[in-house]
Amino acid sequence: MRQRALAIELGLLALVVALAWLVGASATDAWITRVRELGVTAPAADDVRSSARQACLWFSLGVVGLGAARVVGARRARDPLPVHGLLPALAALCLCGLVFQLATVDVVRGAVRAPGAIGFAQGFVMGAAASAAVLLAPIDVERVASRAQLASAATIALIFLALAVAGSGPGESGTRINLGPVQPIEAVKLLAVVFLAAFLGRRAAKLRWHRRRVLGLRWPRFELMAPALAGLVTIVGALFVVNDLGPVLVLACVFLGMFYVVTRASGWVAAATGFLVVVLAAIHTWPGIVDTGRVATRVQIWKDPWGNGLSHGHQVGEGLWAIAAGGATGQGLAQANVPLPPAGKTDLALAPFMEQLGWLALVVYLGLLGTVVAYGFRIAAQGRTPVRVLLATGAAILLLVQWAVIHAGTFGLLPLTGIVVPFLSTGRSSMVAFLVLAALLVRLATDGRARESTSELAELQDASRRCGAFAIALLVVGALTALLPSVVSSHTIGARGIRVTLADGTRITRSNPRLAAIATQIRRGTIEDRNGEPLASSPSAGAPRSYPLGRAMGTLLGPEPSRILRPPWALERIHDRRLRGADLTAYAGVLELPRSERAARIRQIDEDVASRSVRISVDARLQREVATILADAVKGRRPAAAAVVVDVDTGQVLARAQAPDLDPADASWQDVLLASGAARRRLVGAYGPWPDRTGTQGMFQAGSIAKLFTAVAAARAGLTIDGAGCRARAAPRFECRDRDADGPLFTQRGWHKPIHDHHDDPTHGTVDLVGALAVSCNVYFAQLGLAIGAEPLVALRKAGVDIGYTGASFEPGAAGSRQLASSAFGQGAMVMSPMQAARLVAAIAAGGTYRRCPSTMELSARCTETRIVDDPHALAPIVAGMRQVMTDGTGKHLGEPPGLRIYGKTGTADASGFLGEEPFGFAPGAAAPPHSWFVAFGEPSAAPECGLDVHGRIAVAVVVPRGGSGASAAGPVAMKIFAAARDLGYLGAQP
């Protein structure tokens, strides 16, 4: 009977060898196919196949060696315990690891590493040789363990001392688990089992009898428990030596289990478990008590695997993504996402293993591991001496806990720790240790069952049975915990994002790369203008993005978003979710489909481009014309220009252009952006093509165009208005009669210098609001600001009229101060972007309705409307003043386009050089030419002049930084824009 069972055992081992060659070949072919699909640099296919054959050969030799040692050992056994399934289960476990290593594609820096199967197989052969030595050695295992008790303890102490002095860890982890190429921690685990078995086995009887019941639980006497507690504290203290939680948890659990078996003291287990829980809770609450390195980081990841925001805090989340992608049956051999999660072949091997083979493969793995562990507890339950019982128990617990700790870390139940998955991960030291543990179990079984039973031995054996039952339950729980993320909640987990911090400190949310890979097979939606003309489109999935307007709209559209280049103002980024298909999470369901159905579903989604497209308010024809006008304006000495055109009736942007601008289809500027030096400074500087100068990136001193803001604030405060239409006049009136060599002036006692108009301006006598706007009188607006105070200016901003930097305070100045007077005519706090200026002018043209459309610029988006004056008649003097600018003021020489009537305001904003202007010849703090502004709204010449309720108007804001006076640079540009709009059918007029 025994011979037949042994023959079956050998047959199963032979089957494992045959499967190694058969499945190994399939895994290798899958690896080669996958690498070809990825198109990355990889070893030649023949070399890979040759390497795989060598790995299978090494593996086969190891299995044959184990089988031969088993046969020899079984022949000399007299009354062995039946464990004929242990070695086949062990070999099958290692076969799982071999196939995993052969099939898993590991890409590093764009190149594929050769499969790690040879190293894995060599580790298996080394372990098999060591195991064969254990099975064949003519020794008494118990006697050797007892004699090696002190030597084991001394060796453990020396290893920890060596690690404290010369230990190292992978990369910059801060751990101390390696001595050169060896991980002596694996030897510590084995030696700990041997030491504890000998130490506790010799004291088993005493520990059994010296117990008492307290609170219904059994407790050893304190003098017996004190050394045990000291041992547990010492093990936990080892955490501060190696700075790695994994080995410490494993050793602590082994110690707890073995001490329970020898004492059957449930109270001790409760107290010691409570102690470990308190330690874990303390580390969870204050990770810094351990270190600022690997353990503290992993504890923070454990607390929040998705939102921790750490630079390297994505490991657990990436593992859960892989597990969710695997589902029940897996994506297939070699189909794990690349790159693998960090430590994807070692600590986190369960994740890519399950991604390829699924939850059912994990169940098979756990079944095989459970077989080995169950045999261990069965051997312990029939051991003939306390030392043998404890040796078998310790070996079984060590294998179980090694899996349980890394399994719990992988699934986020405990901190992820620096230990490998038994029989699955790479690592020669660990493989040797695991195989020796299994061989120790076989050797204990070969040495035979108990010849006679005693009550002391029976209790030990019974405790081992209880531990065995607990082990089986734990494996079942492990399978069930894996079922939740891999099957039940796979959609939710696959769709989640991970918050991480980039090297430059920027925090981003990383999406599941598997969903991003699906998205690359689906055409990005089209960005269309208001008439349906494409502004950005994808001819096919994976093809370069097409930008028909090129430099006419490059900065505003921005590059197609990537991990690095994501400018916040770019429409490609703002609409990214919609253009990809609402969100990458929408593709989580596609990932869950069988691969045979996935391609068809992706094609179906790809064809529905319309559902992912966005129509914006811009008119491509007008955008092209405005961009051309601006490009002509900056030829020569002017560094830049920007303009915004707004539909007064809706508040929608019809054109938003700048010069210089970038071509998003030309990738050459990306290298400049990622580099350093003069070229990059010109690209990203104040007037380079990278920043958006029409929006929040284009904030400039407003100069005299801000007088419109002051005028509206005064209108809200209650101007005295006489007349209507273009004859409207408004009080208060102020004197402009004083002057010096610098021009007309106004000053007050205590000011360090007066406020001046342009040095060539005449004094204007008694001036009202209309006249002051027409001639752009600083003296008038300085006095108006002092008269109304800062509150109306601040209140206008609070009412919703944009001015200044978003989120920054707006402080025009204290009552009676020169700062307040300066702000009132356009200096100081009066900083604007072209978009802000265009909205303000559009609100005046709309009779006091301020419209703000979302930054998405979507045509169908709802724009907010705010009444900034109760009665449109309050704005009549401002409209009259803007008209007089064109007829008899600072803009009278600009020349209105035929068929149009323009209401304008020039602006000449003095400002010293500032940061970002250096590459363009303007030093920070140094004198520099003024910024040239012109803002206006236009209407058909047939419309009632100076009307307050005229429809069909458009508003234009133009800035030419360092361009000089408003009438000399920005004004002519604005007139050309109005003419272009007229030619395209806007303003209801034709030339």
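In every chain, residue numbers begin from 1 and rise along the written sequence. Residues qualify for local features only when their pLDDT is at least 70, as the model is predicted, and side-chain atom pairs are given and counted only at 80 or more; totals for whole chains, interfaces and linings, by contrast, use all residues. Based on all heavy atoms of the structure, the side-chain values leave hydrogens and waters out of the count.

Participant: Please provide a residue-by-residue account of the packing of helix H2 (residues 45-75) against helix H4 (residues 117-136), values included.
Facilitator: Packing of H2 against H4 leaves a shortest axis separation of 8 Å and a crossing angle of 10°. What the angle tells us is that H2 and H4 run roughly parallel. Lys, Arg, Asp and Glu make up the charged group, whereas Ala, Val, Leu, Ile, Met, Phe, Trp, Tyr, Cys and Pro make up the nonpolar group; the residues left over, Gly among them, are polar. Partitioning the contact of H2 with H4 into residue classes produces 16 nonpolar, seven polar and one charged. Lines are fitted to the C-alpha atoms to define the axes, a helix being fitted only along its stretch in contact, and any angle between axes, read from their N-to-C directions, falls within 0 to 180 degrees. Secondary structure elements are taken from DSSP: a helix is a run of H or I of four residues or more, a strand is a run of E of two residues or more, and numbering for both begins at the N terminus. Any angle between 65 and 115 degrees counts as roughly perpendicular, while under 35 counts as roughly parallel, over 145 as roughly antiparallel, and the rest as oblique.

Participant: Break down the pattern of salt bridges for me, citing the residues and quoting the values.
Facilitator: Pairing between side chains becomes possible if they bear opposite charge and their charged atoms approach one another. Between Lys or Arg on one side and Asp or Glu on the other, a salt bridge is scored when a side-chain nitrogen of the former is within 4 Å of a carboxyl oxygen of the latter. Taken as a whole, this structure holds 33 salt bridges when the rule is applied. With its nearest N and O atoms 3.0 Å apart, the salt bridge here joins Arg624 to Glu533. Residue Arg624 is found in helix H26 (residues 620-633), and its partner Glu533 is found in the loop between strand E7 (527-528) and strand E8 (534-536); the two are separated by 91 residues along the sequence. One connected set of salt bridges, linked through shared partners, spans Asp140, Glu142, Arg388, Arg443 and Asp447.

Participant: Provide a residue-level description of helix H35 (residues 876-888), including the pertinent values.
Facilitator: Helix span, expected: 1.5 Å multiplied by one less than the number of residues in the helix. With 13 residues, H35 extends 17 Å from end C-alpha to end C-alpha; this agrees with the ideal 18 Å at 1.5 Å per step. Burial status follows relative accessibility: with a 1.4 Å probe on protein chains alone, a residue under 20% of its type maximum counts as buried, one over 50% as exposed, and anything between as partly exposed. Of all 13 residues in H35, ten are buried; the element is thus mostly enclosed. Of the residues making up H35, those classed as buried are Ala876, Pro877, Ile878, Val879, Ala880, Gly881, Met882, Arg883, Val885 and Met886.

Participant: Got a sec to walk through unusual backbone geometry? Specific residues and values, please.
Facilitator: Look at the link from Val338 to Pro339: it is a cis peptide, with omega at -5°. Summarising the element assignment, Pro339 is placed in the loop between helix H14 (315-326) and helix H15 (350-381). Residues Ala659 and Pro660 are joined by a peptide bond in cis, for which omega reads 0°. With respect to the helices, strands and loops of the structure, Pro660 is situated in the loop between strand E11 (653-659) and helix H27 (668-674). The phi dihedral of Met857 is positive, around 60°, even though this residue is not glycine. Tracing the chain through its elements places Met857 in the loop between strand E21 (849-852) and strand E22 (864-867).

Participant: Residue-level account of the packing of aromatic side chains, with values.
Facilitator: Each aromatic ring pair is characterised by the separation of its centres together with the angle its planes make. Aromatic pairing here means that ring centres of Phe, Tyr or Trp (its six-membered ring) are within 6.5 Å. Orientation follows from the plane angle: under 30 degrees is stacked, over 60 is edge-to-face, and everything else is tilted. Across all of its chains, the model carries 15 aromatic pairs by this definition. For the pair Trp569 and Trp690, a centre-to-centre distance of 5.9 Å together with 70° between the ring planes defines the contact as edge-to-face. Taken together, the residues span a long stretch of sequence, with Trp569 in the loop between helix H21 (554-557) and helix H22 (571-574) and Trp690 in the loop between helix H28 (678-684) and strand E12 (700-701) at a distance of 121 residues. Judged by centre distance (6.4 Å) and plane angle (10°), the ring pair of Tyr687 and Phe700 falls under stacked. Taken as a pair, Tyr687 in the loop between H28 and E12 and Phe700 in strand E12 lie far apart in primary sequence, 13 residues in all. On the accessibility criterion, Tyr687 (0% relative accessible area) is buried. Clustering of aromatic rings is evident, with ring pairs tying together Phe100, Phe353 and Tyr365. A cation sits over an aromatic face here: Arg883 above Tyr903, 5.9 Å from the ring centre. For the cation-ring pair, Arg953 lies above Tyr903, with the distance from its terminal atom to the ring centre recorded as 5.5 Å. To sit over a ring, a charge needs its Lys NZ or Arg CZ within 6 Å of the ring centre and within 35 degrees of the ring normal.

Participant: I'd love a proper account of the sheet that holds strand E18 (residues 755-756), names of residues and values included.
Facilitator: Spatially, the three strands line up as an open sheet ordered E16-E17-E18, and their pairing is antiparallel. If you trace the sheet from one side to the other, it starts and ends with strand E16 (739-740) and E18, each paired once. Note on pairing: two strands pair once DSSP finds at least 2 bridges between them. Pairing of E16 with strand E17 (residues 743-746) involves two bridges; the strand directions are antiparallel. By the bridge assignment for E17, Arg739 is matched with Pro744.

Participant: Can you tell me about the sheet that holds E8, naming the residues and giving the values?
Facilitator: Read across the open sheet, the three strands follow the order E8-E7-E9; overall the sheet is mixed. Across the chains shown, the open sheet's two edge strands, defined by having one partner strand only, are E8 and strand E9 (614-615).

Participant: Requested: an account of the state of the cysteines, with residues and values cited.
Facilitator: The disulfide definition used here is simple: a pair of cysteine sulfur atoms within 2.5 Å. Applying the stated criterion across every chain yields a total of two disulfides. The residue that forms a disulfide with Cys726 is Cys946, at a sulfur-sulfur distance of 1.8 Å. Handedness here is read from the sign of the S-S torsion; for Cys726 and Cys946, about 90°, the answer is right-handed. On the criterion of sequence distance, the pair formed by Cys726 in the loop between strand E13 (720-722) and strand E14 (729-731) and Cys946 in the loop between strand E24 (931-940) and strand E25 (954-960) is long-range, its members being 220 residues apart. One disulfide in the model links Cys853 with Cys863; its S-S distance is 2.0 Å. Its S-S torsion of approximately 100° makes the covalent link between Cys853 and Cys863 right-handed. Taken together, the positions of Cys853 in the loop between E21 and E22 and Cys863 in the loop between E21 and E22 put the pair ten residues apart, joining distant regions of the chain.

Participant: Outline the environment of Leu859, supporting the account with residue identities and numerical values.
Facilitator: Here Leu859 is to be found in the loop between E21 and E22. In sequence terms Leu859 and Gln652 are 207 residues apart; their C-alpha atoms lie 7.7 Å from each other. If we ignore the near neighbours within four places in the chain, the residues touching Leu859 are Arg530, Arg615, Ile616, Ser617 and Gln652. Residues count as neighbours in contact if any of their non-hydrogen atoms are within 4.5 Å of one another.

Participant: Got a sec to walk through the nonpolar core? Specific residues and values, please.
Facilitator: Among the buried residues, those of types Ala, Val, Leu, Ile, Met, Phe, Trp, Tyr and Cys that are joined through side-chain atoms within 4.5 Å form a nonpolar core. By size, the foremost hydrophobic cluster in this structure holds 130 residues, and its most contacted members are Phe709, Leu769 and Ile878. In terms of residue count, the dominant contributor to this core is helix H34 (residues 834-845) (nine residues). Other than its neighbours up to four places away in sequence, Leu769 contacts Ala711, Leu719, Ala730, Pro732, Tyr780, Phe781, Leu784, Pro877 and Ile878.

Bear in mind that shape data such as this cannot, by itself, settle questions of function.
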